[in-house]
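Structural overview
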Amino acid sequence: MAHQRRRHHYYQRFRLMIPVISAVAAALLFLFALLSFLAPSPADTGRMLRRRQHTSISVREDEAIGNPVFLVPSDGGKLGRDVWSSRNSEHFYGCSNASSKFQKAQVITQPNRYLLIATSGGLNQQRTGITDAVVAARILNATLVVPKLDQRSFWKDSSNFSEIFNVDWFISYLSKDVKIIKQLPNKGRKALSAYNMRVPRKCNERCYINRILPVLLKKHAVQLSKFDYRLSNRLDTEYQKLRCRVNYHALRFTDPILAMGEKLVLRMRMRSKHYIALHLRFEPDMLAFSGCNYGGGEKEQKELGAIRRRWKTLHRSNPERARRQGRCPLTPEEVGLMLRALGYGSDVHIYVASGEVYGGEKTLAPLKALFPNFHSKDTIATKEELEPFSSFSSRMAALDFIVCEESDVFVTNNNGNMAKILAGRRRYFGHKPTIRPNAKKLYRLFLGRSNLTWEVFASGVRTFQRGFMGEPKEVRPGRGGFHENPSACICEDSAAKMDKSSRPRKYWKDNATKKNVANDEPDVDNEPEWLDMDDDDDQNDLAEKGTFNETISDYETLNFEDPELEEIISD
């Protein structure tokens, strides 16, 4: 009897457990169905595995939607290097003194030979003309008359040479190299008149001797008009060093410009120990010329297209091809993203030198969001302080030039004359970091960044920018324009040379394939494709072949039929 009661008790308990077991089983079935629905198909899994096998970088994905997360950090990250200096820069220095074989001006200057030049374009384009004019006078053994600045160009600045540059310093500093006078002497009771002519671009020593000297001997005074890039990039070393003496030492701004420029630099230093200077070319005319798309849709295309039609000599644009060739200036936002990827956080102070920015504050907003400490000469100086300069575009450009030159890091979104001259100047005076976008490679990163994580994007930027940071020996001697790569005027100290020569020969051989990091030599395979400015190949052909300069769009080498267009683009 007791046994039957126990069996009945167990049976009752089992009946009570049935609903619980059923509920648990139903829940498990539901969970299994849900997991089956959310899990990727075998084909998708195969594709994911194959995609991961083709890349060495893992992409962090959003668990809900399966897309990469592109979140820009506020800091620059830890890169293991000083972002405010160039590696090994302490071993290199500017050296432009003449050798003992370079005769004094008093010995070689011939009487009744006077060379005058009329420069062209804005401040920096004119600077290249002045520099080359001194060398041309030396080649011709002529006396140089202080250059005449372009007062009728697009920039419309009425300043003469002595209102921008210290003319007395210019004459005295170069007195051993070239005889310079302020104006033509009189011939009897009348002033000597100059015969006006033009010289071809990239004219070398033989060209000047054959084309200009016979006219100079006959006329005694010759003026070379529209004198910009009229001297070959390849010259004897002594002439190259003379170029450096002119550009880096003899051309000094006037005292009022220097004083105001130094005041702006001091105010930037009061705000932060380090600062970046950005030369931003994003004017409507500049963008219209480029023929690129900048994300403004139909409105942008209509507005820039109307500007472009003003110049009948421009061909129909191909925005995608221009991007592939690296001929599109970076947008302000792209500049900001590049700087963040290179290690500069939101606390960094930026000085921006720019003209009218297309789109105004809306265009600048993404850059200001990335770098809130955003300054310009108009924000750190009063209107009263800038009043003596504000009516003269070249004098205002000179103030920006000084602040950019003195910056810890200089960055540009373009490759006009100011960018080139400052790149060369900063190499000569200690290889201060000078960031020039490798636009040809970066554009793919910018285009596809929504499909990348920040880590992958930043790593790509740092990879593509190797060789574009202003470090020593980034570019082989003789490559690129001399004003941006003055290799003949940069020397290496004996300690660095001795350190290299003392290393075992086997070390050099075995490590040659390791990107030359250990021996600090340039990696030729990864070297920027700098266009040789004296190549005779047509630049448009180079562009079509895909070998156009990765670093730049060499506007001054293009065959402009409209002088105003050239002036707008080049400076």
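Our subject is the structure listed above.
Just so it is clear, the model here is predicted, and its values are computed rather than measured. (Residues numbered from 1 in each chain as written. Predicted model: local features only at pLDDT ≥ 70, side-chain atom pairs only at ≥ 80, totals over all residues. Heavy atoms only, no water.)

1. Points about empty space enclosed by the protein
One pass over the structure, following the stated rule, counts three cavities of 30 Å³ or more. Of the voids in this model, the second largest cavity is the one considered here, and its volume is about 40 Å³. Of the residues forming the lining of the second largest cavity, the biggest block, three residues, is contributed by helix H20 (residues 439-447). The residue inventory of the lining of the second largest cavity, partitioned by class, reads five nonpolar, one polar and one charged. (1 Å grid on protein atoms, 1.4 Å probe; cavity = no way out; pocket = protein on both sides within 12 Å on 5 of 7 lines; lining within 4 Å. Points joined across faces, edges and corners; volume = space filled by probe spheres on them. Helix = DSSP H or I, 4+ residues; strand = E, 2+ residues; numbered from the N terminus. Nonpolar A, V, L, I, M, F, W, Y, C, P; charged D, E, K, R; others polar.)

2. A closer look at helix H4 (residues 123-139)
Here H4 is 17 residues long and its end C-alpha atoms lie 25 Å apart, about the 24 Å a rise of 1.5 Å per residue gives. By the criterion of burial, H4 is predominantly enclosed, with 17 of the 17 residues buried. Phi turns positive, to about 55°, at Asn-141, one or two residues after H4. (Expected span 1.5 Å × (residues − 1). Buried < 20%, exposed > 50% of the residue type's maximum accessible area, 1.4 Å probe, protein only.)

3. Some thoughts on the pairing of strand E8 (residues 221-224)
Alternating positions in E8 separate into two faces, Ala-221 and Gln-223 on one and Val-222 and Leu-224 on the other, with burial throughout. As paired strands, strand E2 (residues 114-117) and E8 are joined by four bridges and run parallel to one another. Residue pairing across strands places Ile-117 opposite Leu-224, the latter belonging to E8. Here three bridges tie strand E7 (residues 195-197) to E8, and the two strands are oriented parallel to one another. Its bridge partner lying in E8, Met-197 is registered against Leu-224. (Pairing = 2+ DSSP bridges.)

4. A word on the packing of aromatic side chains
Enumeration over the complete set of coordinates arrives at 14 aromatic pairs. Where Phe-161 meets Phe-170, the ring centres are 5.1 Å apart and the plane angle is 55°; that geometry is what we call tilted. Side by side, Phe-161 and Phe-170 carry an identical accessibility label, which is buried. Between Trp-169 and Tyr-173, the ring centres sit 5.5 Å apart and the planes meet at 35°, which makes this aromatic pair tilted. With Trp-169 and Tyr-173 both in helix H6 (residues 167-173) and four residues apart, the pair spans about one turn of that helix. According to the relative accessible area criterion, Trp-169 is partly exposed, its value standing at 27%. A cation over a ring is seen here: Arg-138 above Phe-102, with NZ or CZ 3.7 Å from the ring centre. One Lys or Arg, Arg-340, reaches over the ring of Phe-371 and ends 4.8 Å from the middle of that ring. (Phe/Tyr/Trp six-rings, centres within 6.5 Å; stacked < 30°, edge-to-face > 60°. Lys NZ or Arg CZ within 6 Å of the ring centre and 35° of its normal.)

5. Describing the state of the cysteines
Tallied over the entire structure, the rule returns four disulfides. At a sulfur-sulfur separation of 1.9 Å, the disulfide partner of Cys-292 is Cys-328. Taking the sign of the torsion about the S-S bond as the criterion, the disulfide between Cys-292 and Cys-328, at about -90°, is left-handed. Here the residue Cys-292 occupies a position in the loop between helix H11 (284-290) and helix H12 (297-308), and Cys-328 occupies one in the loop between helix H13 (319-324) and helix H14 (332-341), the gap between them amounting to 36 residues. Summarising the burial analysis for this pair, Cys-292 and Cys-328 share the class buried. With its disulfide-bonded cysteines labelled consecutively along the sequence, the protein chain is connected as 1-8, 2-3, 4-7, 5-6. (Disulfide = S-S within 2.5 Å.)

6. Things to note about the sheet that holds strand E11 (residues 374-375)
Ordered in space as E11-E10-E9-E12-E13, the five strands form an open sheet in which the pairing is parallel. Every interior strand has two partners, whereas the edge strands, E11 and strand E13 (434-435), have only one. Bridge analysis of strand E12 (residues 409-412) against E13 gives two bridges, and the strand direction is parallel. When the sheet's bridge partners are listed, Phe-410 is paired in E13 with Thr-434. H14 rests against strand E9 (275-280), strand E10 (349-354), E12 and E13 of the sheet, and its axis sits at about 150° to E9. Strands in contact with helix H19 (residues 417-428) are E9, E12 and E13; relative to E12, the strand with the most contacts, it is inclined by about 155°. (Contact = heavy atoms within 4.5 Å. Axes fitted to C-alpha atoms, helices over the stretch in contact; angles between N-to-C directions.)

7. Describing unusual backbone geometry
Phi at Lys-202 takes a positive value of approximately 60°, unusual for a residue other than glycine. By the secondary structure assignment, Lys-202 is in the loop between E7 and helix H7 (205-211). With a relative accessible area of 35%, Lys-202 lands in the partly exposed category. We note that His-431 has phi near 55°; this positive angle belongs to a residue other than glycine. Among the structural elements, His-431 can be located in the loop between H19 and E13. The buried category is assigned to His-431, whose relative accessible area is 3%.

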